[in-house]
Structure formats: structure tokens, C-alpha cells
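# Structure at a glance
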Amino acid sequence: MNDQTPPRLRHPEKARKPDNPQPKKPDWIRVKAPTSKGYHATAKIMRENSLKTVCEEAACPNAGECWSQGHATMMIMGDVCTRACTFCNIATGKPPEALDVFEPGRVADAVKKLGLNHVVITSVDRDDVEDGGAEHFAMTIRAIRKQAPGTTIEILTPDFIRCDPAVLEVVVEAKPDVFNHNLETVPGLYPEVRPGARYFHSLRLLQRVKELDPTMFTKSGIMVGLGEDKQAVHAVMDDMRAADIDFLTIGQYLQPTPKHHAVDRFVTPEEFAAYEKAAYGKGFLMVSASPLTRSSYHAGDDFARLRENRLKKLGMA
Ligand code: SF4
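Presented here is an overview of the structure given in this document. Just so it is clear, the model here is predicted, and its values are computed rather than measured.

Of the two faces of strand β10 (residues 286-289), the one carrying M286 and S288 and the one carrying V287 and A289 are both buried. Bridging between strand β9 (residues 247-252) and β10 involves four bridges; their strand directions are parallel. Residue pairing for β10: T249 is matched across the bridge by S288. Handedness of the crossover joining β9 and β10 through helix α10 (residues 269-281): right-handed.

Set out below in C-alpha cells:
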């Protein structure tokens, strides 16, 4: 990428061939239009606080439901990502600006205004920043703790692959309640789907979080319907358990625009139920697997169950 690169280039090389049409969306994927009063109230707070959300940037199908309850997943560090994952709708290119030091305060203010029990904070990848944004995440966690002390915090981070490994400690020391980093897909699809990332680096990152703080919940997710097979999904689950990951999410991949990676197939609700059962069998504390599952979908309710499941496992509930 050079300085002449337009900042909002959207995967021009990934145009789908016209002789290879998309499979038709099944009924179980349809969602309600975002029209509720709660939806507009959430949107107003996001605008007033000049915040970006992954809900909008990634064109999440659950926005109508989530925003009606104030559940917006704020996306920090701008809206231009330095990676070019072929599944993702977020603009990619050279970010136009340095990190905004006032953003953590605005995020915390929004969390307070929304009155959230649990919040999910995510970000774009900022490979142009020396620590990948680790300190910015830590500042955001601290700001929320100060302004909204009753809110539990889940972070969904980049992989910090180009940074000193010690930057991870900065984030862990800020003590989020849940540390999430998505593997996104099976390793065989990484070159096509997540070309700037490395499967085993991402796994190791999550394992390292647990080593740094064994009490911290770790979470990761994959999308299915990208072209993977069942054995590969089971192998990812085994790898995640070997890395001591507590919480697994599996959802259907949806193609945001015709220029993105094509949907290979729509996985049926029965297949999702089978994945969920298998994952519990492999020892995850918590599993969410359904067509519309996303990392942050029902994250607050799931966090409550995650805590309960840990207590049960420890024989304390
Ligand atoms: S599932 Fe997550 S990303 Fe999608 S609308 Fe809900 S909170 Fe936003």
C-alpha cells in the first residue's frame, strides 16, 4: 500500500463471476427492518458521540434487534482498516488519521447513556500504529470502568501480529471481562479469506491471554458457509480447546456485497445445533451457534451464562 492508495478502496479484485450465482437466502436468515424507537435512540447516541459501530460498518443483519435494546458494538480507532479480509465490509486502505485520544471518553459516555449491563468494544486493524492500538483499547476499558462501573466489558481485538508480543499485556492488564479475538474461518481458507493474518498466531494470542490471566474469559468465533468442511470446523474447535478458549461462536457468513468472498452454502439450523452439541462435548464453557450468531449478538445474556457455567464447573453454583 502506498501513500497514493485511496483510503476507502473496497476489494475491487474480488468481483464474483456472473456464471457463479449466489445461493438463495433461506427463510431462516431473514431479519426485521430496523424501525423501532429504541433503534433510533441508539443511533442518536452514536451520532452525538461521533462513534462508529461495527453493526453499521459491517452491515450486520441483527442491527434492528440489537439496537432496539441499545446493544451497539462500538468500533474504535477509525473506520478504515489496514487489512483487506475478503469477508469484511469495513473500508480498507491507509487510515487517514492518528488515533483520537478523546475517543475512549466518548465511548464511555455512550456506554453510560445507553445504560448497558455489558458492552462489546471492537476496532479496525491498525497495522500503521506501533502498538496496534493496544494502549487505546486499555484507555477505553479504563474510561468505561470510570464512567460506567457497573458495566461488564468485552473486547474483540485485532491480532497485533506486527507488534511486540508485550503489547498484549497492556490490554490484559486493563482487565476486560471477556477477551475475544475471532479466528474467523478454518486455516485452509486463510490465504483467501484472511490473507493478512495467521491462524496459529491468532490461536496463540488467545492462549497467551489465558496464561497472562487465567481468570479472564477468552472467546473466539468462526463463520461457516465460506467453503469449509465439517472436519475442518471440528479441528478448529479442538485447536481452540487446546488453547483453553472458553466461549465459541459460530455463525453463517453472509456476503456483504457482490465484490466480497462468495457464500459457498447456507448451513442449516440443524447443522448449527450439531456443532453446538459437539462443541459442548469438547469442553467449551459456552457455545453460541446459529445462522445469525455474531460475536456480539446477545453478548450480555451469554456473558451471564458464561459466568454461571464457570461457577457450576467449579461446583460453586
Ligand atoms: S450482532 Fe453485534 S454487530 Fe450485529 S447488530 Fe448486534 S451488536 Fe451489532
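The next point concerns the sheet that holds strand β8 (residues 217-224). Judged by pairing direction, the sheet is mixed, and its eight strands sit side by side in the order β1-β2-β5-β6-β7-β8-β9-β10 without closing on themselves. Single-partner strands in this sheet number two, and they are β1 (52-53) and β10. Against the sheet, α10 contacts β9 and β10, and its axis sits at roughly 170° relative to β10.

Look at helix α9 (residues 230-242): 19 Å from first C-alpha to last across 13 residues, which is about the 18 Å you get at 1.5 Å a residue. Along α9, the residues classified as buried are V233, V236, M237, D239 and M240. Buried residues of α9 fall within an arc of 160° about the axis and therefore sit on the same side. Of the residues in α9, the exposed ones pointing more than 90 degrees away from the buried face are Q231, D238 and A242. Once α9 finishes, D244 follows within two positions and takes phi at roughly 65°, a positive value.

Now for the site of the ligand. Inspection of the region around the ligand gives V54, C55, C60, N62, A63, C66, H71, T73, R294, S296 and Y297 as its neighbouring residues. Looking at the shell around the ligand, the elements with two or more residues in it are α2 (54-57) and α3 (63-68). Looking at the shell around the ligand residue by residue, the classes come out as six nonpolar, four polar and one charged.

Right, let's talk about the nonpolar core for a bit. Side chains of a nonpolar character, in soluble globular proteins, are inclined to be buried together. In this structure, V107, V111, I121, I144, V224, F247 and L248 are the most contacted members of the largest nonpolar core, which totals 83 residues. It is helix α5 (residues 134-147) that provides the largest number of residues to this core, a total of six residues.

Where helix α4 (residues 103-114) contacts α5, the axes come no closer than 8 Å and their chain directions differ by 40°. The orientation of α4 relative to α5 falls into the category oblique. Pair α4 / α5 crosses with right-handed handedness. Residue-level contacts link P104, G105, V107, A108, D109, V111 and K112 of α4 to M139, T140, A143, I144, K146 and Q147 of α5. Taken together, the residues that form the contact of α4 with α5 break down as seven nonpolar, three polar and three charged.

What counts, and where the lines are drawn
- Residues numbered from 1 in each chain as written.
- Predicted model: local features only at pLDDT ≥ 70, side-chain atom pairs only at ≥ 80, totals over all residues.
- Buried ≥ 20, exposed ≤ 12 C-beta atoms within 10 Å, placed from the backbone.
- Helix = DSSP H or I, 4+ residues; strand = E, 2+ residues; numbered from the N terminus.
- Pairing = 2+ DSSP bridges.
- Right-handed = clockwise from strand over helix to strand, strands pointing away.
- Contact = placed C-beta atoms within 7 Å.
- Axes fitted to C-alpha atoms, helices over the stretch in contact; angles between N-to-C directions.
- Expected span 1.5 Å × (residues − 1).
- Arc of directions from axis to C-beta.
- Near = placed C-beta within 6 Å.
- Nonpolar A, V, L, I, M, F, W, Y, C, P; charged D, E, K, R; others polar.
- Core = buried A, V, L, I, M, F, W, Y, C linked by C-beta atoms within 7 Å.
- Parallel < 35°, antiparallel > 145°, perpendicular 65-115°, else oblique.
- Left-handed = near helix turned anticlockwise from the far one by under 90°.

Everything listed here is a matter of coordinates, which is why it stays silent on function.
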